[in-house]
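Next come the chains, spelled out residue by residue.
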Amino acid sequence: MLVMKSGLIFLKDKNNIIISPGNRMMKRISADNINDIWREMKHINENNDYQCSTICELLVKNGLAFEVPGEEKELYNRFARNVQHLATLQNNPFSEYKTIVNSKILIIGAGTVGGALIKLMSKYGMNHVSIVEGDSVAVPNVTAQLLYEDGDIGQSKAKIAKEKIYKINKCVNTYVNQNNIHSLLDDINPEYVFCCADDSSLVLHNLLIDNISNYGYTLFIAGYSYNNLLVDRITNKEVEIFKKIFAKSENNILKENTIYHNMGTIVEGYLSAAFMMQVFLDSFKTEKYNHYSFDTRLFEAKKQQLKFLTKEEEFNTDYDDFVAFQKDERQGISRNALSIFGRHNHAEIRQVENNFSIVEFRNILAAYNRKNGNFTEQYRKALKEKSDLSKIRGNIRRDVYSVFSDKYLNLVNRRKNTITHDLSKQLESMYTYDFMSDIIKMIKREHKNIVVDPLKMLQLSVDKLDKVNIPIEEALLSIMTIYNSPKFSELLLKMMGNSSIDYYLRPHKNTNNMTVFNPIKGESNVIVSYDGSLKSIMTLSHELSHAFFFDLYKQRLNCDNFKCVNNDFWEVLARVGELLFISKYGKTDEFALLSQYNLTFCILDYMLAKQKNDYKSLDEIIEIKSMITEFLGLNRESMYYIDYNFILFPFLYESSIDNYRLVYQDAVALSIFKYLKKYGVNFDGFYKEIADMPKLDVSSLLCIYKLDIRDIISQYTRSMLELVLRIFSDSYEN
């Protein structure tokens, strides 16, 4: 049986046959008997048989036709389109197809992406597919996952998949974990593993990556954000690279742009599965790439080869890790860019060095905390065991100076000299004036002197916000009731219906997931830690407010225009929504406490930045911190147990001034909230007042409520001082 490669396009002019294989290079055939060749090609195309053996040999030799054994004619006819899709001028697509379909496949997860991938694998003709899935079919799965119908609810996904897809070799009803991964891999012995499971913690991903070297499989990991589908292809050669990329402590472009759990719509799931399948098929043609992305707005695919440069290759420095080289290929144009910790930068040695110093310090701090507990925990443990607190104080001081001092001072001085050396000008540029200067002046002028009993403080819970236990269904109902807005309720019910909110807590989970699209980032925000605490319900109300206001203005702003609106505007709206909610619980002090905590460290950072000379000793920083403690009205000697907690606050040594934005956003949100409360305006009234505002920015918000930024900062500062006075002098005993 002879078959023309229908994946190619054949054109004939007077003297030539032109082969144009889609987006590949064109080929031209010229011969004296060109008309005879053309007639033979048409005959083969119509009959899958040849008349002239000489021309037949010529066509096969030039890659225009291929032979199929007679006994496999039925197999070819059934899967002809899949076979022809593989055709190039250089290959026998039928032989290549048989190699692909006889691969041993393991699919982990049969949900939104995995279920669609199983269906695709079956349709493609794969002969050796095994799946591992421990979930049962829930109500939201029916509308979000391709394999399941109403009649399947409550049944094992693995069982349903096996019943519906006859080609599945093995179905295992379990979750992959450290205890069973070796027995599963030994039993199935896969050549290719597709991770489609819900793994926002990255534990499963890291487990599968760790076992690549032992079992020799190629691992495919799927992810998607609002704008991109993403697939990582990981072989034994790339294990070390992806171990670093998926390490929890690192901040990188793949994790920032990807939701590595599969809780999207059926459309996103099917697109992701199709993209994953295409990457799998492409891997038989080339092993050049290991990271694939598809922009769903531009419908543009991008392939990248991620690797780690050595110092000789790029920088001539001692830093030869964490620098990922990305090569983009779009429409034949090759562009190079450096990705350092997930942010695209030019090759600036100073930035690379700074990032390494930060990671190194974080690792030291994490190791210390794992071994000893943080400083406050050490005091609290000593208090419980009736140990000598002064001895603990001495031990902590010793550890701080022996373990942290030099590296911490290096980071603080570098920040002071490169990030915050012109802090006042930066704040003026962002907010028309340096509001931190006003805050500090007012605190110095109006502070009181409160003597705090450290023993009573240490007996309190580390976090007052964790004392409630509110199930997510109650939290969502409370938010809906308190907001009392039909438009908000409509959006929330829609989100619950399309699985944006993981309403039902599954047996193997201890948290509920929630996905909220953020058009500014062009992706979704995922809450994976709703645990019933007040802190998590505050986050829930904040993110739902975000979702509501994004939805409110989506008719006025397309995706790109969302990014033109300053993020302060969106954050202020979300904070106002959060405040309107928690005020019904009488918990606005908790919001203010978090704000006051951040403000204290901003004041410390601001005062550190004002000193011209570098800091030589931690004692200099502690002296400034103690001065701020007194500014806030607290007796410095009674607060000895927080002497060194500034070391735990990353803002003081990182390359960002975003925490000052939080102060500004909190101040504006609290002022608007107080205005709304004064005039009895609820959430529904609030959004209606601002729905048609001509310009989406904080200045326009202030105009609506006749608020002046200097008055706002003054009111905010006074509120923070009153909070400290109230909490630390009386309320902390309660």
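Residues numbered from 1 in each chain as written. Predicted model: local features only at pLDDT ≥ 70, side-chain atom pairs only at ≥ 80, totals over all residues. Heavy atoms only, no water.

What follows deals with the overall build of the protein. The secondary structure content of the protein amounts to 31 helices and 19 strands. Counting only residues that meet the buried cut, the protein has 53% of its 734 residues in that class. When contacts within the protein are restricted to residue pairs at least 6 apart in sequence, long-range pairs at least 24 apart make up 68% of them. (Helix = DSSP H or I, 4+ residues; strand = E, 2+ residues; numbered from the N terminus. Buried < 20%, exposed > 50% of the residue type's maximum accessible area, 1.4 Å probe, protein only. Contact = heavy atoms within 4.5 Å.)

Its 19 residues give helix H23 (residues 534–552) an end-to-end C-alpha distance of 27 Å, which sits within 8% of 27 Å, the value for a rise of 1.5 Å per residue. Summarising burial for H23: 16 of the 19 residues are buried, a large majority. (Expected span 1.5 Å × (residues − 1).)

At a minimum axis distance of 10 Å, the contact between helix H25 (residues 567–582) and helix H29 (residues 683–690) shows a crossing angle of 160°. Judged by the angle between their axes, H25 and H29 are roughly antiparallel. Along this stretch, H25 crosses H29, giving a crossing that reads as right-handed. Between H25, through Leu573, Val576, Gly577 and Leu580, and H29, the contact on the second element is made entirely by Phe683, Phe686 and Ile690. By residue class, the composition of the contact of H25 with H29 is six nonpolar, one polar and no charged. (Axes fitted to C-alpha atoms, helices over the stretch in contact; angles between N-to-C directions. Parallel < 35°, antiparallel > 145°, perpendicular 65-115°, else oblique. Left-handed = near helix turned anticlockwise from the far one by under 90°. Nonpolar A, V, L, I, M, F, W, Y, C, P; charged D, E, K, R; others polar.)

Quick look at the packing of aromatic side chains now. The geometry of an aromatic ring pair comes down to the distance between the two centres and the angle between the two planes. Enumeration over the complete set of coordinates arrives at 39 aromatic pairs. On the basis of an interplanar angle of 70° and a centroid distance of 6.1 Å, the ring pair of Phe66 and Tyr76 is categorised as edge-to-face. Note that Phe66 is positioned in strand E5 (residues 65–67) and Tyr76 in helix H3 (residues 73–78), a separation of ten residues in sequence. Taken as a pair, Phe66 and Tyr76 share a single burial class, namely buried. Each ring, one from Tyr192 and one from Phe284, has its centre 5.7 Å from the other, and the planes form 45°; the classification is tilted. (Phe/Tyr/Trp six-rings, centres within 6.5 Å; stacked < 30°, edge-to-face > 60°.)

Attention now goes to the side chain of Ser583. Looking at the element boundaries, Ser583 is found in the loop between H25 and helix H26 (588–610). On the basis of relative accessible area, Ser583 is assigned to the buried category, the value being 16%. Side-chain polar atoms of Ser583 contact the backbone oxygen of Leu580, separated by 2.9 Å. (Polar contact = N/O pair within 3.5 Å; in protein donor to acceptor, adjacent residues only side chain to side chain.)

Turning our eyes to something else, we now look at the packing of helix H21 (residues 472–483) against H23. At their nearest, the axes of H21 and H23 sit 11 Å apart, and the two run at 55° to each other. Between H21 and H23, the crossing angle belongs to the class labelled oblique. Helix-helix and strand crossings are classified by hand; for H21 and H23 the assignment is right-handed. The residues of H23 that touch H21, namely those facing Ala475, Leu476, Ile479 and Tyr483, are Ile537, Leu540, Ser541, Leu544 and Ser545.

The next thing to look at is the pairing of strand E11 (residues 228–234). Burial of E11 is extensive: six of the seven residues sit out of reach of the surface. In this structure, strand E10 (residues 218–224) lies alongside E11, joined through six bridges in antiparallel fashion. Directly across from Ile221, in E11, lies its bridge partner Asp232. Summarising the sheet, E11 and strand E12 (residues 291–295) pair through five bridges and their orientation is antiparallel. Bridging across to E12, Asn228 finds its partner in Asp295. (Pairing = 2+ DSSP bridges.)

Here the focus is the pattern of salt bridges. Taken as a whole and judged by the stated rule, the model has 17 salt bridges. Asp210 is the partner of Lys243 in a salt bridge, and the nearest nitrogen-oxygen pair spans 3.8 Å. Here Lys243 is found in helix H12 (residues 239–245), whereas its partner Asp210 is found in helix H10 (residues 203–210), with 33 residues between them in sequence. What makes Lys243 partly exposed here is its relative accessible area of 30%. Of the residues examined, Asp210 reaches a relative accessible area of 39% and is grouped as partly exposed. One salt bridge in this structure joins Asp666 and Arg575, with 2.6 Å as the shortest N-O distance. With Asp666 in helix H28 (residues 658–678) and Arg575 in helix H25, the pair connects residues that are 91 residues apart, well separated along the chain. The exposure classification of Asp666 matches that of Arg575, with both residues buried. (Salt bridge = Lys/Arg side-chain N within 4 Å of Asp/Glu carboxyl O.)

We now examine unusual backbone geometry. Of note in the backbone geometry, Asn48 takes a positive phi value of approximately 55° without being a glycine. We classify Asn48 as partly exposed; its relative accessible area is 26%. In the Ramachandran plot, Asn189 falls in the positive-phi region, its phi being about 50° despite a non-glycine side chain. Along the chain, the position of Asn189 falls in the loop between helix H9 (181–188) and strand E9 (192–195).

Right, let's talk about the nonpolar core for a bit. The biggest cluster of nonpolar side chains holds 117 residues, and the ones touching the most others in it are Phe435, Phe549 and Tyr553. Sequence-distant contacts of Phe549, that is, excluding residues within four places in its chain, are made with Trp570, Leu573, Phe683, Phe686, Tyr687 and Ile690. Grouped together as the second largest cluster of nonpolar side chains are 49 residues, Ala161, Ile168, Ala273 and Val279 included. (Core = buried A, V, L, I, M, F, W, Y, C linked by side-chain atoms within 4.5 Å.)

On to the environment of Phe66. Residue classification places Phe66 among the buried positions, given a relative accessible area of 2%. Separated by 64 residues in the primary sequence, Phe66 and Leu2 place their C-alpha atoms 5.8 Å from one another. Sequence-distant contacts of Phe66, that is, excluding residues within four places in its chain, are made with Met1, Leu2, Val3, Met4, Lys5, Tyr76, Val83, Gln84, Asn92, Pro93 and Phe94.

The end-to-end C-alpha distance of helix H14 (residues 266–282) is 24 Å, a good match for the 24 Å that 17 residues give at a rise of 1.5 Å each. Those residues of H14 that sit buried are Gly269, Ser272, Ala273, Phe275, Met276, Met277, Val279, Phe280, Leu281 and Asp282.

Counted residue by residue, E10 has seven buried out of seven residues, so it is predominantly covered. Residues Thr218, Phe220, Ala222 and Tyr224 of E10 are buried on one face, and the alternating residues Leu219, Ile221 and Gly223, pointing to the opposite face, are buried as well.

The next point concerns a nonpolar patch on the surface. The grouping of Leu146, Ile266, Val267, Tyr270 and Leu271 at the surface amounts to a nonpolar patch, some 390 Å² of accessible area in total. Considering the arrangement of structural elements, one finds Ile266 in helix H14. (Patch = residues over 30% accessible without salt bridge, like charges linked within 9 Å, V, L, I, M, F, W, Y side chains within 5 Å. Areas by Shrake-Rupley, 256 points an atom, 1.4 Å probe, with all protein chains shown as cover.)

On average, residues of the protein score 78 in pLDDT, and 77% of them are at 70 or above. Element-level pLDDT for the protein is lowest in strand E16 (residues 333–340), with a mean of 30, against a maximum mean of 95 in E9. Low confidence marks residues 460–466, where pLDDT is under 50. Its contacts with residues over four positions away, or in another chain, come to 15 contacts. (pLDDT = per-residue confidence, 0-100.)

The residue Ala158 is located in helix H8 (residues 157–164) in this model. Residue Ala158 is classed as buried on the basis of its relative accessible area of 3%. With 21 residues separating them along the chain, Ala158 and Val137 place their C-alpha atoms 9.5 Å apart. Discounting residues that sit within four places of it in the chain, Ala158 has contacts with Ile131, Glu133, Cys171, Val172 and Asn173.

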